[in-house]
Amino acid sequence: MHPRLRSLLAEPRSPSAPARVWRDWVVLAAFVPAIVLEGIFRPDLQWRAGCVVVALALLPTLLWRRTRPLATVAVAFGLTAVAPFVLPGDPCHMYSMGFLLLLPYALFRWGSGREAVIGSVFVAAKVALAGLAGTISGGEVIAGFAVMFAVTTLGAAVRFRASARLREFDRVKLLERERLARDLHDTVAHHVSAMAIRAQAGIAASATQPGAAVEALRVIEAEASRALAEMRAMVRVLRRDQPADLAPSPRVADIERLAGQSRAGPAVAVDIRGDVEDLPPSVGSALYRLAQESVTNARRHARHATRIQVSVAADDTSVHLRVSDDGEAGTVRPAGTPGFGLMGMMERADLLGGSCAAGPNPDRGWTVTAVLPRAGAA
């Protein structure tokens with residue numbers, strides 16, 4: 001079997017096909033009087049009552065054209081295909097039965113690939129048998145095939161566009177979930193690292209300073225409350241039935257909050273140069289998260305470090321971030337085996353059209369550098 005035919009037969013039904021919508025009832029309400037009026041006033045129509053009954057009997061197939069596309073095509077076009085042989089002269093050739101064109105459209109819009117192939121046989125057989133029975137001329141046969149081809153092509157095009165739009169929605173949702181996952185890791189890791197450092201300091205000082213343990217517990221409680229609040233805010237974004245937290249995203253100016261002397265860790269110095277006020281929120285938030293993650297990693301892994309320097313420099317086209325510490329060499333994770341934190345930093349920078357790298361300094365310490373375009377990714 002040809003690969004393309006095999007792929008067509010394996011195509012599943014279009015997801016989320018609505019059973020019935022209000023427009024279906026409007027279409028039915030419009031065609032019922034059209035069929036009746038044509039049956040009454042059309043002079044060349046044979047078997048008026050029978051034709052009206054057949055047309056009205058086929059009209060409800062529109063209600064199942066999305067959920068049962070092949071069955072509706074088989075019933076409607078199968079019946080109209082054998083009609084010229086049962087009733088010579090095709091007395092039920094009514095203009096108002098043009099609603100049958102909606103059935104092949106729905107077949108290619110909502111049906112599976114196998115249903116579309118089988119349904120096409122019924123449609124082609126109807127047109128071909130009408131020509132063989134002599135109810136339509138050769139030119140009308142060609143025109144009939146052209147109309148059916150146009151209708152099915154339109155259905156396939158709408159289906160492809162809807163599928164492409166659905167894939168784009170899925171991609172955007174996946175991308176947003178990846179961003180939220182990185183934010184969750186960066187934020188929680190920052191607070192958990194602070195809790196771990198405070199706990200270690202409290203344990204070390206508890207023997208000589210009993211009050212230090214109580215102070216450490218207070219700090220741990222505060223950090224845990226902040227981490228829990230930020231986790232709840234992100235979970236509300238992921239759940240559709242909860243309103244999203246509308247608090248502003250962190251900006252480059254918020255990096256200054258990382259500065260200061262920690263009782264159980266190295267001092268953090270922040271230097272921001274250049275115009276960083278008009279940066280897009282995505283770039284400002286990314287710079288803050290990159291700096292926060294870098295400081296967290298330095299406090300966690302840089303042994304005997306006394307200082308962490310955070311530098312942000314902005315020019316006309318890009319923003320440069322540099323975070324370095326003076327810890328002992330060889331005490332941090334090698335650059336060849338990055339963890340989720342460093343991997344997330346690289347992915348975050350790459351999503352915005354920038355770059356991020358980390359590695360040991362020539363003498364001692366570790367440096368993380370990132371370059372992001374001012375305008376962010378297109």
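Cut-offs applied
Residues numbered from 1 in each chain as written. Predicted model: local features only at pLDDT ≥ 70, side-chain atom pairs only at ≥ 80, totals over all residues. Heavy atoms only, no water. UniProt positions renumbered as here; feature names shortened; annotations may be inferred. Pairing = 2+ DSSP bridges. Helix = DSSP H or I, 4+ residues; strand = E, 2+ residues; numbered from the N terminus. Axes fitted to C-alpha atoms, helices over the stretch in contact; angles between N-to-C directions. Contact = heavy atoms within 4.5 Å. Salt bridge = Lys/Arg side-chain N within 4 Å of Asp/Glu carboxyl O. Buried < 20%, exposed > 50% of the residue type's maximum accessible area, 1.4 Å probe, protein only. Core = buried A, V, L, I, M, F, W, Y, C linked by side-chain atoms within 4.5 Å. Patch = residues over 30% accessible without salt bridge, like charges linked within 9 Å, V, L, I, M, F, W, Y side chains within 5 Å. Areas by Shrake-Rupley, 256 points an atom, 1.4 Å probe, with all protein chains shown as cover. Expected span 1.5 Å × (residues − 1). Arc of directions from axis to C-beta.

- Under an unreviewed UniProt entry, the chain has the name histidine kinase and belongs to Phytohabitans maris.
- Quoted verbatim from the Catalytic activity (unreviewed entry) heading of the UniProt record, the comment on the chain is "ATP + protein L-histidine = ADP + protein N-phospho-L-histidine."

## Describing the sheet that holds strand 5 (residues 366-373)
Here is step 1: Spatial ordering of the open sheet is given by 1-2-3-5-4, a layout of five strands whose pairing is mixed. In this open sheet, the two strands that pair with only one neighbour each are strand 1 (267-273) and strand 4 (355-360). Each strand of the sheet is rotated relative to its neighbour by a mean of 10 degrees, with strand direction disregarded.
Here is step 2: One ladder, built from seven bridges, connects strand 1 with strand 2 (residues 307-314); its direction is parallel. Considered in strand 2, the bridge of Val270 is made with Val310.
Here is step 3: Each of strand 1, strand 2, strand 3 (318-325) and strand 5 touches helix 9 (residues 281-301); the most contacted strand, strand 3, lies at about 10 degrees to it.

## Observations concerning the UniProt feature "transmembrane region" (unreviewed entry) in the chain
Here is step 1: In the numbering used here, UniProt assigns the feature "transmembrane region" (unreviewed entry) to residues 21-41, 47-63, 70-87, 93-110, 117-136 and 142-162.
Here is step 2: Between the C-alpha atoms that bound residues 93-110 the distance is 28 Å, and the span itself is 50% helix and 0% strand.
Here is step 3: In this annotation, residues 142-162 is assigned 100% helix and 0% strand; the end-to-end C-alpha distance for the span is 30 Å.

## Details of the environment of Ala128
Here is step 1: Considering the arrangement of structural elements, one finds Ala128 in helix 6 (residues 113-132).
Here is step 2: Residues Ala128 and Gly144, 16 residues apart in the sequence, show an inter-C-alpha distance of 9.2 Å.

## A word on unusual backbone geometry
Here is step 1: In the Ramachandran plot, His304 falls in the positive-phi region, its phi being about 60 degrees despite a non-glycine side chain.
Here is step 2: Along the chain, His304 falls in the loop between helix 9 and strand 2.

## Comments concerning the pattern of salt bridges
Here is step 1: Under the counting rule described, the total for this entry stands at five salt bridges.
Here is step 2: In this structure, Asp271 and Arg273 form a salt bridge, with 2.5 Å as the shortest nitrogen-oxygen distance.
Here is step 3: Under the relative-accessibility criterion, Arg273 is labelled partly exposed at 44%.
Here is step 4: The partner of Arg374 in a salt bridge is Asp278, and the shortest N-O contact between them spans 2.6 Å. In this pair, Arg374 sits in the segment after strand 5 while Asp278 sits in the loop between strand 1 and helix 9, placing the two residues 96 residues apart along the sequence.
Here is step 5: Residue Asp278 is classed as exposed on the basis of its relative accessible area, which comes to 53%.

## Notes on the nonpolar core
Here is step 1: Core analysis: the biggest nonpolar cluster contains 31 residues, and Ile255, Leu287, Val310, Leu321 and Leu372 have the highest contact counts within it.
Here is step 2: Looking at this core, the elements with two or more residues in it are helix 9, strand 2, strand 3, helix 10 (340-351), strand 4 and strand 5.
Here is step 3: Looking at this core, the element that brings in the most residues is helix 9, giving eight residues.
Here is step 4: Those residues in contact with Leu287, other than ones at most four positions away along the chain, are Val252, Ile255, Leu279, Val319, Leu321 and Leu372.
Here is step 5: In terms of nonpolar packing, the next biggest core, distinct from the first, is built from 26 residues, Leu58, Ala76, Leu103 and Ile136 among them.

## Quick notes on a nonpolar patch on the surface
Here is step 1: A cluster of nonpolar side chains, contributed by Val32, Val36, Leu37, Ile40, Phe41 and Leu56, occupies part of the molecular surface with about 520 Å² of accessible area.
Here is step 2: When residues of the nonpolar patch are assigned to their parent elements, the largest contribution, five residues, is made by helix 2 (residues 22-41).
Here is step 3: The exposure class of Phe41 is exposed, given its relative accessible area of 63%.

## Observations regarding helix 2
Here is step 1: In a regular helix each residue adds 1.5 Å, so 20 residues correspond to 28 Å; helix 2 covers 30 Å between its end C-alpha atoms and thus fits that length.
Here is step 2: Every buried residue of helix 2 is listed here: Asp24, Leu28, Ile35, Glu38 and Gly39. For helix 2, the buried positions fall inside an angular range of 105 degrees around the axis, keeping them on one side. When the buried face of helix 2 is taken as reference, the exposed residues oriented beyond 90 degrees from it are Trp22, Ala29, Ile40 and Phe41.
Here is step 3: Contact partners of the buried residues in helix 2: helix 3 (48-58).

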